[in-house]
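Listed here are the chains, written in short residue letters.
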Amino acid sequence: MPELHVHHPRRPEVFSVPPAVPSTDAVPATHKAAGSTGRRLLWLFATIVVGVAGWAFVTWRIASDHREVLPPEPASAEVRPEGIMVTAEPITIRPVKRTIDAVGTLNGFEEIVVSAKAEGRILRILHDVSDRVSPGELLVEMDPTDLQLAVEQAKSNVQVELSKLGLSEPADIYFDLARVPTVILAREKRELAKLKMERIQNLAAREATTHEAVDNAESEFRMATAEFENQMLMAKSGLAMIEARQAALAIARQQLADTSIRTPTPQRASPDNMEAAPYVVTKRSIAEGSFVRVGDELCRLVIDGTLKLRVAVPERHSTEILVGQPVDVFTAATTTPCKGVVTVIHPSVDTGTRTFQVEIQVANDSPALRPGSFAKAVIEVREDPEARTVPLSAMVRYAGVIKLFLIENGRATEVQFTPGIQTSEWVEIAGPVLPRDCQVVTSGQFNLATGTLVTIRETGPKGDAAATAEAGKPHHEKTSAPQHQ
């Protein structure tokens, strides 16, 4: 009988079936075939069972979870509250200062444009930009040659007029015109004509002369009197001409003096009391050798110990700003405010801008303050001791609407409000007036609407950042977050 080879999936051995011992009894051929088929089926079934068992073992090893099993959470943690979890804080009552903000330009306490009063060529410049100068100090010198000649000419004209009247020096207002030689001569002629007329009249009374002689004597007297009066008028005219020549001489001398340009003396006292050198040169418009005419700008001076800030304030604040109010002044070059005070309030309102001018004096004790700088003024008008404020995180801006959410009886209520003073941490509720004991939502607002059920989360050791990150998530499957309209 041939050998039967059976392959096992795990053990690939070859089994040899020994030949059957011939029996004395004869076995039918059909019975032998049936026994061989049964053995084959039995081996096939065993092979399938072993393969399925191996596959199940391998799959169980791969799919099994070898991670450490944590202890179950407490029963209390499994109970989740109803509603949207949010964080909330009560409103804060705090004092705030009411201020008015305005912008403007810093100007010197006094700004002076030094101009030429006489024509001439620039001879010397003694001070340049940024130099500090004192009152009366020489700034610019002009060539005085032409004006010196004009002074000499004016002196000669005065002497000519004095010589006409026989004077050696100008007379004062009490000068007696009878001392003028021409007047003296005319007076003597008048006296002589008078005596001659009187003698002729005496002779005519005794009929010792003719009427013609009397008429001639009287005519000569009248002519002598007229000549005397004319000489008096000529003397007065001569005195007036002397005064005119003297005025021309004074003008020439003044023009000569104007060739030396000096720092003016301020008549208005500055609050900084910088009397030694209150001016600083801020601009020079000339150079040595240039020709200037009357009125041409030479340089500019500024009193910068105290500065003036002129700002435009809307007319609705006209009753709130008063003289003497403190002001904080900010510039781009300073990190801390400079102190100022309101000194001038203009009485009229500009019809174009509907604003009125306010002048603020600022003590220039910082090198960062310079005339011409752009500045912002914060004018303190009053202090409100009970302003209602909320954290800045409670404010929501959406589609041009500013609002917040209050918590009332476990539900959210939307309130639109007008913000007031705002800092980096809180914002004032200018309107409407909220109750003093109300709570506002500080996180999770974008999942809320009026009437939404909320649960306040207590901030733990993780801090507000962790609470904010988890706030706003629904903790109940039946609660849905409404969408903002």
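Residues numbered from 1 in each chain as written. Predicted model: local features only at pLDDT ≥ 70, side-chain atom pairs only at ≥ 80, totals over all residues. Heavy atoms only, no water.

Draft legend 1. Local environment of the pattern of salt bridges. Under the definition given, this model contains 19 salt bridges. With a shortest N-O distance of 3.7 Å, lysine 164 and glutamate 161 are connected by a salt bridge. Placement of both lysine 164 and glutamate 161 in helix α2 (residues 145-164) is noted, with a separation of 3 residues, approximately one turn of the helix. Its relative accessible area of 56% is what places lysine 164 among the exposed residues. The class for glutamate 161 is buried, based on a relative accessible area of 7%. Taken together, the shared-partner salt bridges in this structure form one network comprising Arg98, Asp384 and Glu428. (Salt bridge = Lys/Arg side-chain N within 4 Å of Asp/Glu carboxyl O. Helix = DSSP H or I, 4+ residues; strand = E, 2+ residues; numbered from the N terminus. Buried < 20%, exposed > 50% of the residue type's maximum accessible area, 1.4 Å probe, protein only.)

Draft legend 2. Geometry of the nonpolar core. One finds Leu309, Val311, Val313, Ile321, Val358 and Ile360 to be the most contacted residues of the largest nonpolar core, which totals 21 residues. Mapped by element, the contributors of at least two residues to this core are β2 (92-115), β9 (297-314), β10 (326-331), β11 (338-345), β12 (355-363) and β13 (374-391). Setting aside residues up to four positions removed in sequence, isoleucine 360 forms contacts with Leu307, Lys308, Leu309, Val311, Val327, Gly340, Val341, Val342, Thr343, Ala377 and Ile379. Judged by nonpolar contacts, the second largest core, of 18 residues, contains Leu139, Leu298, Cys299 and Ile303. (Core = buried A, V, L, I, M, F, W, Y, C linked by side-chain atoms within 4.5 Å. Contact = heavy atoms within 4.5 Å.)

Draft legend 3. Focus on the packing of aromatic side chains. Evaluation of the coordinates by the stated rule reveals 0 aromatic pairs. Sitting above the plane of the phenylalanine 228 ring, arginine 190 keeps its charged end 4.4 Å from the centroid. Between lysine 308 and the ring centre of phenylalanine 109, over which it is positioned, the NZ or CZ distance is 4.9 Å. (Phe/Tyr/Trp six-rings, centres within 6.5 Å; stacked < 30°, edge-to-face > 60°. Lys NZ or Arg CZ within 6 Å of the ring centre and 35° of its normal.)

Draft legend 4. Quick look at the side chain of threonine 389. If you trace the backbone, threonine 389 turns up in strand β13. Within the structure, the side chain of threonine 389 is placed 2.9 Å from the side chain of arginine 94, a separation counted as a polar contact. Not counting chain neighbours up to four residues away, the residues in contact with threonine 389 comprise Ile91, Thr92, Arg94, Trp426, Val427 and Glu428. (Polar contact = N/O pair within 3.5 Å; in protein donor to acceptor, adjacent residues only side chain to side chain.)

Draft legend 5. The arrangement of the packing of helix α3 (residues 181-205) against helix α4 (residues 211-257) in detail. It is the contact of α3 with α4, at a shortest axis distance of 8 Å, that shows an interaxial angle of 165°. One finds that α3 runs roughly antiparallel with respect to α4. Note that α3 runs across α4; the crossing there is left-handed. Its residues placed into classes, the contact of α3 with α4 shows 14 nonpolar, 4 polar and 8 charged. (Axes fitted to C-alpha atoms, helices over the stretch in contact; angles between N-to-C directions. Parallel < 35°, antiparallel > 145°, perpendicular 65-115°, else oblique. Left-handed = near helix turned anticlockwise from the far one by under 90°. Nonpolar A, V, L, I, M, F, W, Y, C, P; charged D, E, K, R; others polar.)

Draft legend 6. Highlighting α3. In a regular helix each residue adds 1.5 Å, so 25 residues correspond to 36 Å; α3 covers 36 Å between its end C-alpha atoms and thus fits that length. Considered for burial, the residues of α3 that qualify are Val183, Ala186, Ala193, Met197 and Ile200. Those residues of α3 that are buried lie in contact with α4. (Expected span 1.5 Å × (residues − 1).)

Draft legend 7. Inspection of the confidence of the model for the protein at higher detail. When pLDDT is averaged along the protein, the result is 80, and 80% of the positions lie at 70 or above. Between residues 1-28, whose pLDDT stays under 50, and residues either more than four places distant or in other chains, the model counts 13 contacts. Low pLDDT, under 50, characterises residues 461-485; the predicted model gives this stretch 44 contacts beyond four residues in sequence or across chains. (pLDDT = per-residue confidence, 0-100.)

Draft legend 8. Summary view of the sheet that holds strand β6 (residues 260-262). Taken in spatial order, the 4 strands make up an open sheet running β6-β5-β3-β8, and their pairing is antiparallel. Edge positions in the sheet fall to β6 and β8 (291-292), since each has one partner strand and no second. Strand direction decides the pairing type here: strand β5 (residues 138-142) and β6, joined by 3 bridges, are antiparallel. Note on β6: the bridge partner recorded for glutamate 141 is serine 260. (Pairing = 2+ DSSP bridges.)

Draft legend 9. Spatial organisation of the packing of α2 against α4. Following both chains from N to C, one finds α2 and α4 inclined at 165°, their axes separated by 8 Å at the closest point. If you check the angle between α2 and α4, you find them roughly antiparallel. For α2 against α4, the interelement crossing comes out left-handed. Listed contacts from α4 to Leu147, Gln148, Ala150, Val151, Ala154, Lys155, Asn157, Val158, Glu161 and Leu162 of α2 are Met241, Ile242, Arg245, Gln246, Ala248, Leu249, Ala252, Arg253, Gln255 and Leu256. Residue composition of the contact of α2 with α4, by class: 12 nonpolar, 4 polar and 4 charged.

Draft legend 10. Representation of the side chain of glutamine 445. Positionally, glutamine 445 belongs in the loop between β19 (439-443) and β20 (454-456). On the basis of relative accessible area, glutamine 445 is assigned to the buried category, the value being 6%. At 2.7 Å, the side chain of glutamine 445 and the backbone oxygen of serine 393 are in polar contact.

Draft legend 11. Expanded view of the pairing of β10. Only one face of β10 is buried, namely the one carrying Val327, Val329 and Thr331, since none of Pro326, Asp328 and Phe330 on the opposite face is buried. Pairing analysis gives 4 bridges linking β10 to β11, with the strands arranged antiparallel. The residue bridging valine 329 from the neighbouring strand is cysteine 338, located in β11. Taking the residues between adjacent antiparallel strands as the criterion, β10 and β11 are bridged by 6 residues. Here 5 bridges tie β10 to β13, and the two strands are oriented antiparallel to one another. In the sheet register, phenylalanine 330 faces β13, and the bridge partner there is lysine 376.

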